[in-house]
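Report on the structure
Next come the chains, spelled out residue by residue.
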Amino acid sequence: MENNFIIAGFGGQGVLLAGEVLANAFMLDNINVTWYPSYGAEMRGGTVNCEIVMNDAEDVSSVNKAETDYIVALNQASFDRFLSKVKKGGWMIANSTLVKQLKPRADINYIFAPVTALADKLGNVKMTNILSLGVLAKISRLVSLETLEKALDIVIPPHRKSLLPLNIKALKIGYEYDLSLTNV
Amino acid sequence: MTECLTTTDNKVLTKGNYAIANAAVMAGCECYFGYPITPQSEIGEFMSGKMQELKRAYVSAESELAAINMVIGACSTGAKAMTSSSSCAVALMQEALSYAASDELPVVLISVMRGGPGLGNIYPSQGDYNQATIGGGNGDYKLIVLAPSTVQECVDLTYKAFYLAHKYKNPTIMLADGLLGQMMEPVEFKEYPYPEIDNSSWALTGAKNRPARVIRSYAPSADNQCEFLKKLHAKYKLIEENETDWEEINTEDADIILVSFGSPARNAKSAMKECRKLGIKVGLLRPITLFPFPSKRISELADTAKKFISVEINMGQMIRDIKLAVNGKAPVELLNRPVGNPPSVEEIVARIKKESEVL
Amino acid sequence: MAALTQTFKMPDSIKKGSKFSFCPGCDHGVAVRLVAEVLDELGLRDNAILVASIGCSVTLYDFMEVDSIEAPHGRALAEATGVKRARPERTVFTYQGDGDFASIGMAESLHCALRGESVTAICINNTTYGMTGGQLGPTTLLGQITTTSPTGRNVDYYGYPVKIAEHVALCDGTAYSARVSLDSVPNIRKAKAAIKKAFEIQQKGLGFSFVEILSTCPTNWKKTPQQAHERVREEMMPVYKPGVYKDITADAEVK
């Protein structure tokens, strides 16, 4: 079975890092995984995204997918850009703090979770990315919270390890966020 | 990500460029000389810290010209030495590669392709297939060219590049692309699997208790140069016989054979499998060595296959080698993207369907 | 009667039976011999690696009994850097012409000096591209007629000649930079002392060491060897003044 994900947002929202955590989690579960960033001359404040392909049957995944199973859009520009890429029956997980709660397509599922507001409430707006991973884990059921915690431990470098507990907390808040609240 | 990766027991999620750099360290690379260029700068960044930590040589060269010539200098002493670069900057190195081929030195170059010609852009590309396999330097020479298509292969073929370069005393290029350089996949860094090559019969060490040695390409007499070129090309023949490598899936009964190297080969493989599900007899041949090219095998397959499709990220470069191998026995079509990400699986499937209607 | 002792012989660093292929009267032969004598005297021959360059000096490895590699035009000091970094315990030197060192190879030369690589560079300055038939080079003097400056070097078309030893001396990684001449016996003695000093500085690992040697090209200058040396004295030395432009060991002694 193959699933792919795009995580997209502003530069500085930790999009690439969130993708790296997710990819590490699949690796820890012995699932073949590939991560690659959007490509181009990136600048601070511009949009950035990465794609993660997980596959538990093949040793090598294809890349540059036409459609996506799960898209995490952390800002409006990413929502607009990637809406058409969501696979029929796939999921658009949007940061409702920054994204208007509209559903232009009827053939996909939407989650609107105020991840930036939740991160702010937690005391560090930089936790937006990890909070959204928690939501994604809950929706997709493809990766467990425990594995994501282990993945965080791998990705967070030694000199930033003091931030690990806060990241794990963010992950849990995202995971436990009441999805019934996301209905418009 | 620039922390020490050197030895690991487990798989590590690693970016292609870091994987290459770490593999080079593990292969025993003693000297790295480089100049930054996107999309391979992480290789030099990693090496700058790691080589100093290990008390090995690292130089931020003033140019790619200098970098590749520093590699030549280091290799002339028998050392394992390398540089890494990309497209328009590899163009600057062509003179030195010609010298290194003539000097028969084990130069290792990691070339992470970006868009061209000229400055081009930093998107992935395979526009330097010709640059690597035919070369831009003067004279009749060949470089060994290895083409990875996964991050694990970036590791494995970096090891192999050092081994083959020293085994055959021949400059060797590992030809990756910007997508592989930036991609992360779980990789294993096993011990360097090849035997160490004894360079003591030719390396410059100082002429102590033996006649002085000269590493040169200048051949003032035509007769000498004829002999030299014959000898050099006998070596290339030997490399062809011993080292040609490729991956082959579902080719035995295939009507259509996809030929693709590097990152697009991943999508070609998925497309081939989808088409098999639809009952279309498609196979894949993925060259792992671009020189030596698996011409002999492609020629054999051309006896039964009805059509070949070359899948490349350029305007059609490898297709020439396929056509030479097929030698008119079957049509050879091109499915290309000029620059950027590989053609999508859907695009390749659609093309296979179309081509299968007119076999 | 006391046994006779040989007081003058070919240096061991010169290949036995080799014959210089330089034009008659060219100073290259003297310069090569001086380098060979210095290698002998310092006991460096069997530890030395020469990086030869392109130009009249290309076949130096045919005359010198030292391990050698031939660099592409201008890249000698890049290759020397690679050799030295790979094998720091070796004595590494280049022997280049002014075109190789200061025109096509200016970047490699000055950056090698700036990095303070512990190598020695010998540069023959004869104000012309000798091997290709006497064209204008980086050190061709103002007013000098060459095959590509038929009415003499003028600033409008050709710009100014480069004073190599002075430029090298400006690099912080340079430990020693000197300009010498081979026009007379006293000057040849001074030249040898400078070459020796350069190699000693490398032995001590103090940084980049450099000797520019003012030299003749009788063939392309269309002069006899004697006339050529007169030109060195009268036309070159006033512009390219011999002397030591940097010597960090001398500075240390003053303190």
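Rules of the game
- Residues numbered from 1 in each chain as written.
- Chains lettered and ligands numbered in written order.
- Predicted model: local features only at pLDDT ≥ 70, side-chain atom pairs only at ≥ 80, totals over all residues.
- Helix = DSSP H or I, 4+ residues; strand = E, 2+ residues; numbered from the N terminus.
- Rg over C-alpha atoms; globule rule 2.2 N^0.38 Å.
- Buried ≥ 20, exposed ≤ 12 C-beta atoms within 10 Å, placed from the backbone.
- Contact = placed C-beta atoms within 7 Å.
- Pairing = 2+ DSSP bridges.
- Axes fitted to C-alpha atoms, helices over the stretch in contact; angles between N-to-C directions.
- Core = buried A, V, L, I, M, F, W, Y, C linked by C-beta atoms within 7 Å.
- Domains from an automatic or database assignment.
- Nonpolar A, V, L, I, M, F, W, Y, C, P; charged D, E, K, R; others polar.
- Expected span 1.5 Å × (residues − 1).

What to know about the overall build of chain B
Looking only at helices and strands, chain B has 13 helices and 16 strands in total. Taking 359 residues into account, the globule formula puts the C-alpha radius of gyration at 21 Å, and chain B, at 21 Å, falls close to it. For chain B, the spread of C-alpha atoms along the principal axes amounts to about 70 × 55 × 40 Å. Scored against the burial criterion, the 359 residues of chain B give a buried share of 58%. Counted over contacts in chain B with a minimum sequence separation of 6, partners at least 24 positions apart contribute 78%.

Notes on the overall build of chain C
The helix and strand inventory of chain C stands at 11 helices and seven strands. A globule of 255 residues ought to have a C-alpha radius of gyration of about 18 Å, and chain C, at 18 Å, matches this closely. Each of the three principal axes of chain C carries a C-alpha extent, and together these read 55 × 50 × 40 Å. Out of the 255 residues in chain C, the part that is buried amounts to 58%. Across chain C, contacts joining residues at least 24 apart in sequence account for 68% of those joining residues at least 6 apart.

Remarks on the sheet that holds strand 11 (residues 246-249) of chain B
Residues and elements named next belong to chain B. In spatial order, the strands read 11-13-12-15-16; together these five strands make up an open sheet with mixed pairing. Strand pairing shows two members of the sheet lacking a second neighbour, strand 11 and strand 16 (332-336), which therefore form its edges. The mean inter-strand angle of the sheet, taken between neighbouring strand axes irrespective of direction, is 20°. Taken together, the five bridges between strand 12 (residues 256-260) and strand 15 (residues 307-312) define a ladder with parallel strand orientation. Counted as the bridge partner of Ile257 is Phe308 from strand 15. Lying over the sheet, helix 10 (residues 264-277) contacts strand 11, strand 12, strand 13 (282-287) and strand 15, oriented at roughly 165° with respect to strand 13. Helix-sheet contacts for helix 12 (residues 318-326) involve strand 12, strand 15 and strand 16, and the interaxial angle to strand 15 is about 160°.

What to know about the interface of chain C and chain B
Size of an interface, as often reported, equals the accessible area lost when the parts are brought together. Facing 30 residues of chain C, the contacting portion of chain B comprises 34 residues. For the side of chain C that touches chain B, the secondary structure elements donating two or more residues are strand 1 (48-52), strand 2 (67-70), helix 3 (76-86) and helix 5 (106-115) of chain C. Direction of pairing for strand 10 (residues 214-215) of chain B relative to strand 2 of chain C: parallel, over a ladder of two bridges. When the bridges of strand 2 of chain C are listed, B:Val214 appears paired with C:Ser68.

Let's talk about the nonpolar core
Judged by nonpolar contacts, the single largest core of 249 residues is most densely connected at A:Ile93, B:Val71 and C:Leu50. Apart from the residues lying within four places of it in its own chain, the contact partners of A:Ile93 are A:Tyr70, A:Ile71, A:Val72, A:Ile111, A:Ala113, A:Ser132, A:Val135, A:Leu136 and A:Ile139.

Describing the domain arrangement of chain B
Residue and element names in this part refer to chain B. Domain annotation of chain B identifies domain 1 (12-197 + 233-240) and domain 2 (246-357). Its C-alpha centre places domain 1 at a distance of 26 Å from the equivalent point of domain 2. If you list the elements that add at least two residues to the side of domain 1 that touches domain 2, you get strand 6 (121-124), helix 6 (129-133), strand 7 (144-146), strand 8 (172-177), helix 8 (178-182) and helix 9 (222-243). In terms of residue count, helix 6 provides more of the side of domain 1 that touches domain 2 than any other element does, four residues in total. In terms of residue class, the side of domain 1 that touches domain 2 is built from 13 nonpolar, seven polar and three charged.

Considerations on the sheet that holds strand 5 (residues 174-181) of chain C
The strand order 10(B)-2(C)-1(C)-3(C)-4(C)-6(C)-5(C)-7(C) describes an open sheet built from eight strands, whose pairing is mixed. Two strands lie at the open edges of the sheet, namely strand 10 of chain B together with strand 7 (243-247) of chain C, each paired on one side alone. Relative to strand 6 (residues 208-214) of chain C, strand 4 (residues 120-125) of chain C is paired through six bridges, and the arrangement is parallel. Paired with C:Cys123 across the strands is C:Glu212, a residue of strand 6 of chain C.

Side note on the pairing of strand 1 of chain C
A regular strand carries its side chains on alternate faces of the sheet. All names here are of chain C. With five of five residues buried, strand 1 lies mostly within the body of the structure. The two faces of strand 1 match: Ala48, Leu50 and Ala52 on one face and Ile49 and Val51 on the other face are all buried. Bridge count between strand 1 and strand 3 (residues 91-97): five bridges; the pairing is parallel. Counted as the bridge partner of Ala48 is Thr91 from strand 3. Relative to strand 2, strand 1 is paired through four bridges, and the arrangement is parallel. Following the sheet pairing, Leu50 is matched in strand 2 by Ser68.

A look at the environment of A:Leu118
All names here are of chain A. Considering the arrangement of structural elements, one finds Leu118 in helix 3 (residues 115-122). Residue classification places Leu118 among the buried residues on the basis of 22 C-beta atoms within 10 Å. The sequence separation of Leu118 and Gly14 amounts to 104 residues, and the corresponding C-alpha distance is 16 Å. Dropping the residues within four chain positions of it, Leu118 is found in contact with Leu131, Ile173 and Tyr177.

Let's talk about the interface of chain B and chain A
Taken together, the 23 residues of chain B in the interface contact 18 residues of chain A. Where the side of chain B that touches chain A is concerned, the elements lending two or more residues are strand 6, helix 8, strand 9 (184-187), helix 10 and helix 13 (345-357) of chain B. Counting residues per element, the side of chain B that touches chain A draws most heavily on helix 10 of chain B, which supplies four residues. Residue composition of the side of chain B that touches chain A, by class: nine nonpolar, eight polar and six charged.

Overview of helix 6 (residues 164-176) of chain A
Relative to the 18 Å expected for 13 residues at 1.5 Å per residue, helix 6 of chain A spans 18 Å between its end C-alpha atoms, a close match to the ideal helical length. Looking at the buried residues of helix 6 of chain A, the elements they touch are helix 3, helix 4 (128-140) and helix 5 (145-155) of chain A.

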